[in-house]
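For reference, the chains in residue letters:
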Amino acid sequence: MIGLPVLLVSAVDVIARSADDGPAQRVWRTLGTHPKLQARFTGWNIGLPMAQSPDAETASPVDPDASGPAHLPDAERARAGLAAALPPGDRLATVHDAHDARLRIEDPRAHDGSRFVRADLHEAAWTDPRLAGLVTLTSGRLPAKDGEVTVTASFARHLGVGVGDTMQLELPGRAAADSTAPTGAVSPAGGEGRLRLVDVVGVARLHEDRNTRAVLGTPGLLPATDTPGYGNDTLYAVGPSPVTWNDVLRLNRLGAVVVSRAVFADPPPASDVPAVPNSSGTFAAADAAVAATAVGLVLLEVALLAGPAFAVGARRTIRNLALVSASGGNRRQIAAIVLAGGLVVGFGASVAAAGLGAGVGAAALPVLEHYEHGDFAHTDVRLLDLSLIVLVGTLTAVAAAVVPAWQASRVDVVAALAGRRGPLVTPRRVPVLGVVAVAVGVGLAALGAATAEPLPLLAGTAVVTLGMIATAGSIVELLARAARRLPVAARMALRDAARQRGRTAPAVGAVMAAVTGSVAISLYVAALDHHDHLTYRPSAAPGAWCST
């Protein structure tokens, strides 16, 4: 009951931390491994002065109310301005990006032995070691001359293309009649544009997204008239001089957003960073409260499930506890013995489960990458996170042992030593407080629903759950009293449940909490489906055929 949740949370923590790139991983993804690839321009032809954070994760025009120019600035002029603003000795390098390029590959399953696929096309001088640091070769080499391409590992795996194969790149329709179309172009039988034969010379993985399906080619793979505009190009600053934070601010004034290797290595002080308009900043306090409430409900469920196990353990050792009491032990000492058992069990199970969960999470990373469910640049196992998880698991076990400890401290010593079970009496104030808690929780939930605020809604749900748990024992007792007219099996089951309320009440509470959560999720999904149904707008007339 304790170890399994701790194991799962520990594994998820390792996976989530490994998926979250730190500064070193961001530099590796964005700027590669070559130290002379100094900076990358994630936006450079915006036409407005920009403000950005040092890591370029947030950026916005300096004046958020200013409207951009009616037409983007001339690309060549913008490039010249950026080049002039670079540190001495640096220059611009370009990677031309063409999205959804069409290629014909061989496929024995197709009716004509081939089929068209789409992939992003990146044209650059990949033999330049500074740009080559943006990729990792798995086989073959990077393209070095016209007509050669390197495909990504995901492209090769899913489409069955490897080193030595030949593909046909479809040139846009305008190139079909263009006398400047590159050599090697052939006219297919059909209505498609011209096709250009390309040879696959390597398989690689892009650092930025190692699961993307893309093709790397040399400049000129597409005709110049059909190469994507400079607005779709990615610019890099290459050279011996680092791009400092002052250089970044100067480039911001030209309308560029910059990721700099030097800025990651030596971030500027907060006083030198301009405010970024409309940036969200950190999580709001309300979001943290919502997350804490949700986690608290999960921990409550775990404690309720583990509580009956501790109650059974305390019942089995009731004679030993009675002997301690008969030897002079007081109620506080009896309760401390049961709580200590919960502490030992919880700590031992949490430590073992956290270690095993961390191993499971680390082992799952290459499996997730193989099936392209994640892209992990590093394995991040944080001892602080695992320590907190162990602490929460231990405290949850202790909390689950509180009620059994309270019950054991009030046992009749004479009856326990004689092997009899004394009557279990529930104080009247417990069900009364439970009913009050249910009423207050319903009110909070109604307030949250009326104001569309998640915090009162979750808080009301938690209070209702606690109130229902407090009244569970009394409900079971009332049902047992009304069981006279039931069949023998049902009557005996209800009476046994009433006699063992210390175990029954937490189990009933856990079931109620699980059902409450399931109903809430079902209502939410149904509401989303109803909303989609009401807001649906057809994109074609009824009975029409659409092709994508």
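Residues numbered from 1 in each chain as written. Predicted model: local features only at pLDDT ≥ 70, side-chain atom pairs only at ≥ 80, totals over all residues. Heavy atoms only, no water.

Description of the overall build of the protein chain
So, point 1. Helix and strand counts for the protein chain come out as 18 helices and 13 strands.
So, point 2. Counting only residues that meet the buried cut, the protein chain has 41% of its 548 residues in that class.
So, point 3. For the protein chain, the proportion of contacts with a sequence separation of at least 24, taken over those separated by at least 6, is 77%.
So, point 4. Per element, the accessible surface of the protein chain, about 29700 Å² overall, is 62% carbon and sulfur. (Helix = DSSP H or I, 4+ residues; strand = E, 2+ residues; numbered from the N terminus. Buried < 20%, exposed > 50% of the residue type's maximum accessible area, 1.4 Å probe, protein only. Contact = heavy atoms within 4.5 Å. Areas by Shrake-Rupley, 256 points an atom, 1.4 Å probe, with all protein chains shown as cover.)

A short note on the packing of helix 15 (residues 429–451) against helix 16 (residues 454–481)
So, point 1. Contact geometry for helix 15 and helix 16: axes closest at 7 Å, N-to-C directions at 160°. When the axes of helix 15 and helix 16 are compared, the pair comes out roughly antiparallel. The handedness of the crossing between helix 15 and helix 16 is left-handed. Packed against helix 15, whose contacting residues are Val430, Pro431, Gly434, Val435, Ala437, Val438, Gly441, Val442, Leu444, Ala445, Gly448 and Ala449, the element helix 16 presents Pro456, Leu457, Ala459, Gly460, Val463, Val464, Gly467, Met468, Ala470, Thr471 and Ser474 at the interface.
So, point 2. Class assignment for the residues of the contact of helix 15 with helix 16 results in 16 nonpolar, 7 polar and no charged. (Axes fitted to C-alpha atoms, helices over the stretch in contact; angles between N-to-C directions. Parallel < 35°, antiparallel > 145°, perpendicular 65-115°, else oblique. Left-handed = near helix turned anticlockwise from the far one by under 90°. Nonpolar A, V, L, I, M, F, W, Y, C, P; charged D, E, K, R; others polar.)

Brief notes about the confidence of the model for the protein chain
So, point 1. Overall, the prediction assigns the protein chain a mean pLDDT of 83, with 87% of residues at 70 or greater.
So, point 2. Below a pLDDT of 50 lies the segment residues 185–192, which in the model reaches 16 contacts outside its immediate sequence neighbourhood of four places, other chains included.
So, point 3. Predicted confidence for residues 226–231 stays below pLDDT 50, and this span has 16 contacts to residues more than four positions away or in other chains. (pLDDT = per-residue confidence, 0-100.)

Some thoughts on a nonpolar patch on the surface
So, point 1. A contiguous nonpolar surface patch, about 410 Å² in accessible area, is contributed by Leu384, Leu388, Leu391 and Leu395.
So, point 2. Note that leucine 384 resides in helix 12 (residues 383–400). (Patch = residues over 30% accessible without salt bridge, like charges linked within 9 Å, V, L, I, M, F, W, Y side chains within 5 Å. Salt bridge = Lys/Arg side-chain N within 4 Å of Asp/Glu carboxyl O.)

Considerations on the side chain of threonine 465
So, point 1. Here threonine 465 lies in helix 16.
So, point 2. Owing to a relative accessible area of 6%, threonine 465 belongs among the buried residues under this scheme.
So, point 3. The residues contacting threonine 465, other than those within four sequence positions of it, are Leu300 and Ala513.

Observations concerning the side chain of histidine 207
So, point 1. Positionally, histidine 207 belongs in the loop between strand 10 (195–206) and strand 11 (214–217).
So, point 2. Since its relative accessible area comes to 2%, histidine 207 is described here as buried.
So, point 3. Reaching out from histidine 207, the side chain makes a polar contact with the backbone oxygen of glycine 133 at a distance of 3.4 Å.
So, point 4. Within polar-contact distance, the side chain of histidine 207 engages the side chain of threonine 136 at 2.7 Å. (Polar contact = N/O pair within 3.5 Å; in protein donor to acceptor, adjacent residues only side chain to side chain.)

Notes on the packing of aromatic side chains
So, point 1. Counted by the stated rule, this structure contains 0 aromatic pairs.
So, point 2. Of note, arginine 102 hangs over the ring of phenylalanine 116, and the distance from its end group to the ring centre comes to 4.1 Å. (Phe/Tyr/Trp six-rings, centres within 6.5 Å; stacked < 30°, edge-to-face > 60°. Lys NZ or Arg CZ within 6 Å of the ring centre and 35° of its normal.)

What about the pattern of salt bridges?
So, point 1. Inspection of every chain in the model, using the stated rule, returns 17 salt bridges.
So, point 2. Of the charged contacts in the structure, one is a salt bridge between arginine 26 and aspartate 55, with a shortest N-O distance of 3.1 Å. Remark: aspartate 55 occurs in the loop between strand 2 (50–52) and strand 3 (59–61) and arginine 26 occurs in helix 2 (residues 23–31); sequence separation between them is 29 residues.
So, point 3. Residue classification places arginine 26 among the partly exposed residues on the basis of a relative accessible area of 26%.
So, point 4. Residue arginine 196 is joined to aspartate 146 by a salt bridge in which the shortest nitrogen-to-oxygen separation is 2.5 Å. Of this pair, arginine 196 sits in strand 10 while aspartate 146 sits in the loop between strand 6 (135–140) and strand 7 (148–152); the two residues are 50 residues apart in sequence, bridging distant segments of the chain.

Thoughts on the packing of helix 11 (residues 331–370) against helix 12
So, point 1. Where helix 11 meets helix 12, the axes come as close as 8 Å, and the angle between the chain directions of the two elements is 150°. As for the relative orientation of helix 11 and helix 12, their crossing is right-handed in sense. Contacts between helix 11 and helix 12 involve Leu339, Gly342, Leu343, Gly346, Phe347, Ser350, Val351, Ala354 and Ala358 from the first element and Leu386, Val390, Gly393, Thr394, Ala397 and Val398 from the second.
So, point 2. Its residues placed into classes, the contact of helix 11 with helix 12 shows 10 nonpolar, 5 polar and no charged.

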